[in-house]
Amino acid sequence: MRIARFSIDGNVAFGAVEGEGPDDLVLDIIKGIPFADFELSGTKVPLAPQSRDRVRLLPPVLPSKVVAFGRNYAEHAAELGNEVPDAPFAFFKPSTSVVGPGDPIAYPSFSQELHHEAELAVVIGRMCREVPRERVKDVILGYTCANDVTARDVQKREKQWARAKGFDSSCPLGPWVETDLDPSDLAIQCTVNGEQRQLGRTSQMIHSIEDLIVNISEAMTLLPGDVVLTGTPAGVGPLNVGDEVAVTIQGIGTLTNKVIKRG
């Protein structure tokens, strides 16, 4: 099931996405929230382009925290001159960094080198801590597309990554959460203005999704709606004001955002 969070006439709701082509998509409004037992209401809202003045997709979840893992693809680590870490290497993006499909990425005023990083995002479905490997699938609601937008010059200059990866709008998520998906070997693509920049597969991850969830849940409690970013394949590169960047993941869909000058 594809679960989206959306606004309609100013009201926010969750809905199950039905249909395939962009002109055929509809939302069946969910009674309740997707982190507990819920029912479909049968009330359906068109999501076609001509309805976008009334219906707008939002970030599919509002996480209390985004836990991201760096250097989880060997070729990406190498392209930036980094060694592959022996253990998962985690950092945080704050909840205020999250934006949704179609929302702008605001180029931070303190950077001159903004980069895209296409990633598979894991959405946590239940409160959990110290999750054993064999139970990891039980705590996952589903998967969505993410862009770990990075101020690369600031990352290099400041060494730690709080500002470089945590600024407002640095974590686009969407377009929805896919709950029925095998994430072990999915194609991940990033395009900028229609030109392919990144193309990799989740099977190239150094540390698996199970590794990542076990690692971070040893240290902290994960809450429903929290997001875990699993790393980016090689091919990261610059973004400029006016660029349209799109992250497409096999079996999920496409997340598209435009870069604007920070006002």
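Coordinates for the structure precede this section.
Residues numbered from 1 in each chain as written. Predicted model: local features only at pLDDT ≥ 70, side-chain atom pairs only at ≥ 80, totals over all residues. Heavy atoms only, no water.

A.B. asks: Please clarify how the sheet that holds strand S19 (residues 244-249) should be interpreted in this entry.
C.D. replies: Across a sheet, paired strands are connected by hydrogen bonds in the backbone, their directions being either parallel or antiparallel. In space, the five strands of this open sheet follow the order S9-S20-S19-S15-S16, with mixed pairing throughout. Only two strands of the sheet have a single neighbouring strand rather than two, namely strand S9 (105-107) and strand S16 (195-201). Averaged over neighbouring strand pairs, the angle between their axes works out to 20 degrees when direction is ignored. Pairing analysis gives six bridges linking S19 to strand S20 (residues 253-261), with the strands arranged antiparallel. If you follow Thr248 over to S20, its bridge partner there is Thr254. (Pairing = 2+ DSSP bridges. Helix = DSSP H or I, 4+ residues; strand = E, 2+ residues; numbered from the N terminus. Axes fitted to C-alpha atoms, helices over the stretch in contact; angles between N-to-C directions.)

A.B. asks: Where do I start with the pairing of strand S15 (residues 187-192) in this structure?
C.D. replies: Both faces of the sheet carry side chains from a regular strand, because those side chains alternate between them. Here S15 lies mainly inside the structure; five of its six residues are buried. Pairing of S15 with S16 involves six bridges; the strand directions are antiparallel. Bridge pairing in S16 links Ile188 to Gly200. Remark: two residues form the turn of the hairpin made by S15 and S16, two consecutive strands paired antiparallel; Asn193 in that turn has positive phi of roughly 55 degrees. (Buried < 20%, exposed > 50% of the residue type's maximum accessible area, 1.4 Å probe, protein only.)

A.B. asks: Can you walk me through the side chain of Thr232 in this structure?
C.D. replies: Along the chain, Thr232 turns up in the loop between strand S17 (227-229) and strand S18 (237-239). Polar side-chain contacts of Thr232 include one of 2.8 Å to the backbone oxygen of Ala118. Looking at Thr232, its side chain comes within polar contact range of the side chain of Gln198, at 2.8 Å. With sequence-adjacent residues up to four places away left out, Thr232 is seen in contact with Tyr73, His76, Glu117, Ala118, Glu119 and Gln198. (Polar contact = N/O pair within 3.5 Å; in protein donor to acceptor, adjacent residues only side chain to side chain. Contact = heavy atoms within 4.5 Å.)

A.B. asks: What exactly am I supposed to notice about the layout of surface pockets here?
C.D. replies: The rolling of a water-molecule-sized probe over the atoms marks out the regions of remaining empty space. In this model, the largest pocket occupies a volume close to 370 Å³. Forming the walls of the largest pocket are 16 residues, and the residues nearest its centre are Arg52, Leu57, Pro175, Trp176 and Thr254. Of all the secondary structure elements, the ones that give two or more residues to the lining of the largest pocket are strand S5 (55-57), strand S14 (171-178) and S20. With three residues, S5 is the largest single contributor of residues to the lining of the largest pocket. Split by residue class, the lining of the largest pocket holds eight nonpolar, four polar and four charged. Taken as a whole, the second largest pocket holds about 250 Å³ of empty space. Lining the second largest pocket are 18 residues, with Arg71, Leu80, Asn82, Gln155 and Trp161 positioned closest to its centre. Sorting the residues of the lining of the second largest pocket by element identifies strand S6 (66-70) and helix H2 (152-158) as the ones contributing at least two each. (1 Å grid on protein atoms, 1.4 Å probe; cavity = no way out; pocket = protein on both sides within 12 Å on 5 of 7 lines; lining within 4 Å. Points joined across faces, edges and corners; volume = space filled by probe spheres on them. Nonpolar A, V, L, I, M, F, W, Y, C, P; charged D, E, K, R; others polar.)

A.B. asks: For this particular structure, what's the right way to read the state of the cysteines?
C.D. replies: Simply put, the disulfide is a covalent bond whose two ends are the sulfur atoms of two cysteines. Tallied over the entire structure, the rule returns zero disulfides. Note on Cys128: no disulfide assigned, nearest cysteine sulfur contributed by Cys171 at a separation of 18 Å. Judged by relative accessible area, Cys128 falls into the buried class, the value being 8%. Here Cys190 is not disulfide-linked; the sulfur of Cys145 is the nearest cysteine sulfur, at 11 Å. (Disulfide = S-S within 2.5 Å.)

A.B. asks: Got a minute to help me understand the environment of Arg129 in this structure?
C.D. replies: Mapping Arg129 onto the fold places it in the loop between strand S11 (118-124) and strand S12 (140-147). Taking the relative accessible area as the measure of exposure, Arg129 reaches 54% and is therefore exposed. Between the alpha carbons of Arg129 and Leu223 there is a distance of 9.1 Å; along the sequence they are 94 residues apart.

A.B. asks: Whenever I open this one, the pattern of salt bridges confuses me. Can you help?
C.D. replies: Close approach of charged atoms lets side chains of opposite charge pair. By the definition in use, this model includes 13 salt bridges. The closest approach of N and O atoms between Asp103 and Arg56, which form a salt bridge, is 3.1 Å. Separated by 47 residues along the polypeptide, Asp103 in the loop between strand S8 (98-99) and S9 and Arg56 in strand S5 bring together distant segments of the chain. Judged by its relative accessible area of 16%, Asp103 falls in the buried class. Residue Arg56 is classed as partly exposed on the basis of its relative accessible area, which comes to 40%. One salt-bridge network, in which partners are shared between bridges, spans Lys93, Glu117, Asp148, Arg152 and Lys165. (Salt bridge = Lys/Arg side-chain N within 4 Å of Asp/Glu carboxyl O.)

A.B. asks: Even after reading the chapter, I still don't get the packing of aromatic side chains, so can you show me in this structure?
C.D. replies: Here the distance between the centres and the angle between the planes together describe a pair of aromatic rings. With the rule as written, the count across this model stands at four aromatic pairs. Relative to Trp161, the ring of Phe89 has its centre 5.2 Å away and its plane inclined at 65 degrees; by these criteria the two rings are edge-to-face. One end of the pair, Phe89, is in strand S7 (residues 89-93); the other, Trp161, is in the loop between H2 and helix H3 (162-166), and 72 residues separate them in sequence. By relative accessible area, which is 32% here, Phe89 ends up partly exposed. Assessed through its relative accessible area of 11%, Trp161 is described here as buried. Geometrically, the ring pair formed by Phe110 and Phe167 is edge-to-face, given 6.3 Å between the ring centres and 80 degrees between the ring planes. Here the residue Phe110 occupies a position in the loop between S9 and strand S10 (114-116), and Phe167 occupies one in the loop between H3 and S14, the gap between them amounting to 57 residues. (Phe/Tyr/Trp six-rings, centres within 6.5 Å; stacked < 30°, edge-to-face > 60°.)

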